[in-house]
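In case you want the letters, here they are:
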Amino acid sequence: MTDQTPKAPGFSTLAVHAGAAPDPATKARITPIYQTASYVFEDVDHAASLFGLQAFGNIYTRITNPTNGVLEERVAALEGGSAALAVASGHAAEFLTFHTLMQPGDEFVASNKLYGGSINQFNHSYKNFGWTPKWADPDDLASIEAAISPRTKAIFIESIANPGGIICDIEAIAKIARRARVPLIVDNTLATPYLMRPIDYGADIVVHSATKFLGGHGNSIGGLIVDGGSFDWMADTRYPMLSSPRPEYNGMVLGQTFGNFAFAIACRVLGLRDLGPSMAPFNAFLFLTGIETLPLRMQRHSENALAVAQHLSNHDKVKWVSYAGLPGDRYYNLAKKYCPKGAGAVFTFGLKGGYDAGIALVKNLKLFSHLANVGDTRSLVIHPASTTHRQLTDEQKTAAGAGPDVVRLSVGIEDAADLIADLDQALASVA
Ligand SMILES: *Cc1c(COP(=O)(O)O)cnc(C)c1O
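Residues numbered from 1 in each chain as written. Predicted model: local features only at pLDDT ≥ 70, side-chain atom pairs only at ≥ 80, totals over all residues. Heavy atoms only, no water.

Re the sheet that holds strand β1 (residues 83-87)
Just so we agree on the cut-off: Whether two strands pair comes down to DSSP finding at least two bridges between them. Secondary structure elements follow DSSP: runs of H or I of four or more residues count as helices, runs of E of two or more count as strands, with numbering from the N terminus. Axis definition: a line fit to C-alpha positions, over the contact stretch in the case of helices; interaxial angles, taken between N-to-C directions, run 0 to 180 degrees. The contact criterion used throughout is that any non-hydrogen atoms of two residues lie within 4.5 Å.
The 7 strands lie next to each other as β1-β9-β8-β7-β4-β2-β3, forming an open sheet whose pairing is mixed. Bordering the open sheet on either side are β1 and β3 (132-136), each of which pairs with just one other strand. With direction set aside, neighbouring strand axes in the sheet form an average angle of 20°. Both β1 and strand β9 (residues 223-227) contribute to a ladder of 5 bridges, which runs antiparallel. For A84, the partnering residue across the bridge sits in β9 and is V226. Packed onto the sheet, helix α3 (residues 66-79) meets β1, β8 (205-209) and β9 and runs at close to 130° relative to β1.

What about the site of the ligand?
Our working rule: What makes a residue near a molecule or strand is one non-hydrogen atom of that residue sitting within 4 Å of it. Whenever two N or O atoms come within 3.5 Å, that pair is a polar contact, provided that in protein one can donate a hydrogen and the other can accept it, and provided that, for residues adjacent in sequence, both atoms are side-chain atoms. Residue polarity follows a fixed list, in which Ala, Val, Leu, Ile, Met, Phe, Trp, Tyr, Cys and Pro are nonpolar, Asp, Glu, Lys and Arg are charged, and the others, Gly among them, are polar.
Taken together, 13 residues lie around the ligand, and G90, D187, S209, T211 and K212 are the ones closest in. In this structure, an oxygen atom belonging to the ligand sits 2.9 Å away from a main-chain N or O atom of H91. Within the side chain of T211, one N or O atom sits 2.7 Å away from an oxygen atom of the ligand. Sort the elements by how many residues they give to the shell around the ligand and helix α4 (residues 90-101) lands first, with 3 residues. Its residues assigned to classes, the shell around the ligand comprises 1 nonpolar, 8 polar and 4 charged.

Structural notes on the state of the cysteines
Note the following rule: The criterion for a disulfide is a pair of cysteine sulfur atoms lying within 2.5 Å. Partly exposed residues are those whose accessible area sits between 20% and 50% of the maximum for their type, while under 20% is buried and over 50% is exposed, using a 1.4 Å probe and protein chains only.
If you walk through the whole model with that rule in mind, you get 0 disulfides. Residue C339 stays outside any disulfide, its sulfur separated by 11 Å from that of C168, the closest cysteine. Judged by relative accessible area, C339 falls into the buried class, the value being 3%.

Brief notes about the domain arrangement of the protein chain
For the record, the criterion: Annotation comment: domain bounds sourced from an automatic or database domain assignment. The buried area of a pairing is the accessible area, by a 1.4 Å probe, that goes missing from both parts when the two are put together, added over both.
Looking at the assigned domains, one finds that the protein chain contains domain 1 (11-290) and domain 2 (294-428). A straight line from the C-alpha centre of domain 1 to that of domain 2 covers 28 Å. Counting residues at the interface gives 39 residues for domain 1 and 39 residues for domain 2. Summed over both partners, the interface of domain 1 with domain 2 buries about 3,300 Å², with 60% contributed by carbon and sulfur atoms.

Observations concerning the environment of Q35
If you trace the backbone, Q35 turns up in the loop between α1 (11-17) and α2 (44-51). For Q35, a relative accessible area of 61% corresponds to the exposed category. When residues no more than four places from it in sequence are discounted, the contact partners of Q35 are P281 and F282.

What about the packing of aromatic side chains?
Which entries qualify depends on this criterion: Aromatic rings from Phe, Tyr and Trp, taking only the six-membered ring of Trp, are treated as a pair when their centres fall within 6.5 Å; an angle between ring planes under 30 degrees marks them as stacked, one over 60 as edge-to-face, and anything in between as tilted. A positively charged side chain is recorded as over a ring if its NZ (Lys) or CZ (Arg) lies within 6 Å of the ring centre. The angle to the ring normal must also be within 35 degrees.
As enumerated under the stated definition, the model contains 25 aromatic pairs in all. Aromatic side chains F95 and Y126 sit 6.4 Å apart centroid to centroid with 40° between the ring planes, which places their arrangement in the tilted category. You can see F95 sitting in helix α4 and its partner Y126 sitting in the loop between α5 (116-123) and β3, a full 31 residues away along the chain. Cluster of aromatic residues (ring-pair linked, three or more members): F95, F98, F108, F122, Y126, F129, W131, W135 and F156. Above the ring of Y239, the side-chain terminus of K153 is found at 5.7 Å from the ring centroid.

Below you can see the structure in the form of structure tokens.
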């Protein structure tokens, strides 16, 4: 940004400008796609200092890339974090986060109301690394406290949980994490920093599936890790990736050298370097373009979702609607506190006709696309019990808000009247 205004820029200004400037080499106004695997060193000393982490600079696109760097700065600015790391997917963001925090034999406390893919990742793949999830109900703070043990290394929640659209009391859960001296990780995919900034309420780390609302157009897979800059990794020896000397970097202690952005550095120079799930620069370019309109899209997504939820809650084939933006909803007060600009695009409702009605509705919708994604400009629908959540036990399905009668919508930015008309015609054909 060339304009030096004394006041900190607002969110919409940051969404367009943060991290970016006209390209110094070509004066291209839009951030170029730096489609290169590696970068020429200035000389041998420069090369040595880059490899030793004594200088910041590009070596190889698995670890850093200038297009990705603009995206990282922008998302860090929007979330109010100290630094961010772009990675190949939302799941890669979760994986690298835990890889930096956990040793074999460690545990973490996870909300039982999460995206089904996260539940699978934690329950099955993480067990192979010796990382054990302890499930707790985010609506029951005592269950979170009770799940904490001396081996607990983190607490993981979603700000707005997929698919139920429920809101977590982040401030209260952050206090529990602080007392246990473990970082609170918040998956902020469904809220995006436009609706809610978890770091403002005490979260230490934010992760994203950029695939969803950050990118916003359903055209690429990506993830981000945001370092809140708040956690003291050097307080004890429980996070050795950050607090103990690294043999591969001449005994450097990352938590000491990099201070309030040490976590993001560790995820990059240990996790991303060794495990390798990098974001393609082309995808970073698409995410940057998407984020420019994030405030406009989230506003419209939330307005449309509220209109659709209100309509469904008065429909005689609908048993219940779970949308935190609806007055009277169980999470309405938490939504008012944490996301006063809107409760997001994703919510669930139940059909009186149960499992079969869910299948019939999905079959008959025309404007809503039946697919496994959220956060597209287009309206999307899925019946979780027969798709995203089918691997879970019935008990886990119900706990995750994905029982047999449940339909999930991700309401797009089309005209609300057209979305309501499509739902009405499809509901008319449901027995
Ligand atoms: C989709 C999603 C993920 C996983 O992200 P991918 O980009 O698909 O790997 C994680 N958390 C939430 C809330 C999601 O919706």
